[in-house]
Amino acid sequence: MRSEEIRETFLRYFEERDHVRRPSASLVPSVHDPSVLLTTAGMQPLKPYFLGEEEPPSPRLTTCQRCFRTTDIEEVGNTARHLTFFEMLGNFSFGDYFKHDAIRFGWELSTEGFGFDPDQIWVTVFEGDDELGLGPDTEAIEIWREIGVPEERIVRLPRAENWWQAGPTGPAGPCSEMYLDRGERFGRSEDLPGDDTERFLEYWNHVFMTYELHEDGSLTDLPSRNIDTGLGLERMAAIKQDVPSVYETDLFRPLVELAEELSGRSYGDDGKGTRAMRIIADHTRGTANLIADGVVPSNEDRGYILRRIMRRAIQQGRVLGLEPPYLGRFAERVIEDMGGVYPHLVEHRDTILRWVSDEEESFGRTLARGT
Ligand code: GLY
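The structure displayed is predicted, hence computed values, not measured ones. (Residues numbered from 1 in each chain as written. Predicted model: local features only at pLDDT ≥ 70, side-chain atom pairs only at ≥ 80, totals over all residues. Heavy atoms only, no water.)

1. Details of the environment of Ile 143
The line we're drawing: By the criteria applied, helices consist of DSSP H or I runs no shorter than four residues and strands consist of E runs no shorter than two, each listed in order from the N terminus.
Its location among the elements puts Ile 143 in helix α4 (residues 138-147). Each C-alpha atom of the pair Ile 143 and Glu 184 lies 27 Å from the other, and the pair is 41 residues apart in sequence.

Right under this line is the structure:
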């Protein structure tokens with residue numbers, strides 16, 4: 001299943017169930033939301049609807065949102081899955097359906113739409129938290145039981161795993177995650193979801209967005225009970241394309257192939273080269289998308305995040321022994337690959353390439369002086 005098909009399967013499934021499909025919002029959050037520098041989840045642009053501050057265009061929405069997270073930036077390249085820039089598919093309910101339908105949709109699309117074997121699906125639920133003053137999510141547990149998930153595959157996990165908040169304050173709630181068990185060949189019989197092993201792959205988070213979290217850590221009820229879900233496109237592509245890492249999916253292959261072509265090395269041959277190719281692929285996707293959304297490299301805030309990923313990508317090009325300039329070649333390939341789905345990348349092609357070339361030149365001078 002190509003990534004395009006995964007995107008369409010998800011969005012169409014929810015459109016057929018009365019959700020309005022909305023395009024991805026910008027990676028730069030609205031001026032009304034100073035809680036984050038960049039859009040970190042599908043729900044971010046929808047916050048005013050969850051908080052009851054604005055009327056949503058429909059009580060049910062579905063999106064494929066471009067997201068950027070810096071939390072794992074140092075891990076990118078070292079693992080099969082960590083990314084900074086990614087696409088998140090989601091279905092959202094604003095005071096409309098709640099846990100029952102959300103969980104049923106999750107189950108039906110996983111088994112019928114994506115063809116997962118029900119016996120391989122495990123789920124996790126919120127086990128409660130004293131500090132938050134909340135008990136276990138017995139409602140979600142009961143719904144999973146009704147669906148037929150056996151008791152041993154309903155795993156209770158603490159706040160660190162099964163609680164979602166959109167930043168330090170804002171809409172929040174317990175969540176329930178769906179995992180695919182890839183079998184003991186990827187781990188041990190005693191492994192469990194949440195253990196962060198290769199055996200259980202988390203692929204879909206269902207957030208039961210019920211509270212607003214305040215600065216003093218207290219919770220108040222939101223005006224309505226809502227649903228926010230997140231399914232990582234890259235991770236689902238790795239599962240459906242049966243490849244060991246996101247970098248071997250059709251979303252990354254063209255960039256990895258360009259790195260192979262320019263360096264004469266092969267992905268997977270040696271640790272350092274593989275890591276470099278992964279970092280270049282992730283960071284150039286982020287670079288093109290951030291610039292297309294109006295971010296420019298600088299020494300502060302989101303401009304600094306952009307400069308940092310551009311410079312990390314340039315450095316990794318050196319590790320591969322690429323002849324500069326090369327960052328623009330990768331940015332062009334991102335525009336080529338993603339421009340069909342996100343045409344504003346094509347519209348801003350010249351701007352993207354100009355910033356990329358300026359940064360590579362100035363960082364090149366810094367590196368030369370340093371050497
Ligand atoms: N907002 C849900 C998630 O990012 O997992």
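2. Let's talk about the site of the ligand
Stated formally: The rule for a residue being near a molecule or strand is that one of its heavy atoms must lie within 4 Å of it. What qualifies as a polar contact is a pair of N or O atoms within 3.5 Å, subject to a donor-acceptor requirement within protein and to the restriction that residues adjacent in sequence count only when both atoms come from side chains. For every accessible area listed, the method is Shrake-Rupley and the probe measures 1.4 Å; residues are considered covered only by the protein chains on display. Put simply, the grid is 1 Å and covers the protein atoms alone, a cavity is a trapped set of points that fit a 1.4 Å probe, a pocket is an open set with protein on both sides within 12 Å along at least five of seven lines, and lining residues have an atom within 4 Å of a point. For this analysis, a molecule is said to be in a pocket or cavity if more than half of its atoms are within 2 Å of the grid points defining it. Only Asp, Glu, Lys and Arg are considered charged, only Ala, Val, Leu, Ile, Met, Phe, Trp, Tyr, Cys and Pro nonpolar, and every remaining residue, Gly among them, polar.
Around the ligand, the surrounding shell consists of Ala 41, Met 43, Arg 69, Met 88, Trp 164, Asn 205, Val 207 and Asp 228. Contacts to the ligand include Asn 205, whose side-chain N or O atom sits 2.9 Å from an oxygen atom. Take Asp 228: an N or O atom from its side chain is 2.8 Å from a nitrogen atom of the ligand. Alone, the ligand offers 190 Å² of accessible surface; in the complex the protein occludes 93% of this. Spatially, the ligand is embedded in the largest pocket. The class makeup of the residues in the shell around the ligand is five nonpolar, one polar and two charged.

3. A look at empty space enclosed by the protein
What counts is decided by this rule: Grid points are joined across faces, edges and corners, and a volume is the space filled by probe spheres set on the points.
Overall, the coordinates contain one cavity of 30 Å³ or more when judged by the stated rule. Here the largest cavity defines a volume of roughly 60 Å³. As for the largest cavity, its lining consists of Ala 80, Arg 81, Arg 182, Leu 201, Arg 235, Ala 238, Ile 239, Val 243, Pro 244, Ser 245 and Val 246. No other element matches helix α6 (residues 233-240), which puts three residues into the lining of the largest cavity. A breakdown of the residues in the lining of the largest cavity according to their chemical character gives seven nonpolar, one polar and three charged.

4. Focus on α4
To be explicit about the condition: Accessibility here uses a 1.4 Å probe with only protein chains present; expressed as a share of the type maximum, an area under 20% marks a residue as buried, one over 50% as exposed, and anything in between as partly exposed. This arc corresponds to the set of directions leading from the helix axis out to the C-beta atoms. Should any heavy atoms of two residues lie within 4.5 Å, those residues are counted as being in contact.
For α4, every residue scored as buried is listed here: Ala 140, Ile 141, Ile 143, Trp 144 and Ile 147. Buried residues of α4, viewed axially, fall in a sector of 165°; they line one side. Residues of α4 that are buried sit in contact with α3 (99-113), β4 (121-126), β5 (154-157), β7 (170-181) and β8 (200-213). Following α4 by one or two positions, Gly 148 has its phi on the positive side, about 110°.

5. Some details on α6
Of all the eight residues making up α6, six are buried; the element is thus mostly covered by neighbouring parts of the structure. The complete set of buried residues in α6 reads Leu 233, Glu 234, Met 236, Ala 237, Ala 238 and Ile 239. Looking at the buried positions of α6, the neighbouring elements they touch are α1 (3-15), β3 (85-94), β7, β8, β9 (219-232) and α8 (271-292).

6. Observations regarding the environment of Asp 216
Residue position: Asp 216 is located in the loop between β8 and β9. Residue Asp 216 is classed as exposed on the basis of its relative accessible area, which comes to 64%. When the C-alpha positions of Asp 216 and Thr 169 are compared, they lie 9.2 Å apart, and in sequence the two are 47 residues distant. Among the polar contacts listed, one links the side chain of Asp 216 to the side chain of Ser 218, at a separation of 2.7 Å.

7. Some points on the layout of surface pockets
Unoccupied space between atoms shows up once a probe the size of one water molecule is rolled over them. For the largest pocket, the calculated volume is near 1,200 Å³. Arg 69, Asp 72, Glu 177, Glu 202 and Arg 235 are, among the 41 residues lining the largest pocket, the residues nearest its centre. Of all elements in the fold, only β3, α5 (159-162), β6 (163-165), β7, β8, β9 and α6 reach the threshold of two or more residues within the lining of the largest pocket. Ranked by residues supplied to the lining of the largest pocket, first place goes to β8 with seven residues. Each pocket or cavity is described by its volume, and for the second largest pocket that value is around 570 Å³. Together, 30 residues line the second largest pocket, and Ser 30, Gln 44, Pro 45, Lys 47 and Pro 48 are the ones closest to its centre. Sorting the residues of the lining of the second largest pocket by element identifies α2 (47-50), β2 (60-68) and β8 as the ones contributing at least two each.

8. Remarks on the nonpolar core
Stated precisely, the cut-off is as follows: We define the nonpolar core as a collection of buried residues of types Ala, Val, Leu, Ile, Met, Phe, Trp, Tyr and Cys that are connected through side-chain atoms lying within 4.5 Å of one another.
In this structure, Phe 10, Trp 144, Tyr 203 and Ile 352 are the most contacted members of the largest nonpolar core, which totals 105 residues. Per-element tally for this core: the top contributor is α8, with nine residues. Dropping the residues within four chain positions of it, Ile 352 is found in contact with Ala 288, Ile 291, Ala 292, Ala 331, Ile 335 and Leu 345. Counting seven residues, the second-largest nonpolar core is a separate cluster that includes Leu 134, Trp 163, Ala 172 and Tyr 211.

9. Quick look at the pairing of β7
This is how it is decided: Here a strand pair is declared whenever DSSP counts at least two bridges between the two strands.
Counting buried positions along β7 yields 12 of 12 residues, so the element is predominantly enclosed. The antiparallel hairpin formed by β6 and β7 contains four residues in its connecting segment, where Gly 167 sits at a positive phi of about 120°. Pairing of β7 with β8, which is carried by 10 bridges, proceeds in the antiparallel orientation. In the sheet register, Glu 177 faces β8, and the bridge partner there is Asn 205.

10. Concerning the pairing of β5
A regular strand places its side chains so that they alternate between the two faces of the sheet. Our working rule: By the criterion used throughout, a crossover qualifies as right-handed when its path from the first strand across the helix to the second strand runs clockwise, the strands pointing away from the viewer.
Of the strand pairs in this sheet, β4 and β5 are connected by four bridges, and their pairing is parallel. Bridge pairing in β5 links Thr 124 to Val 155. What joins β4 to β5 is α4, and the crossover it makes is right-handed.

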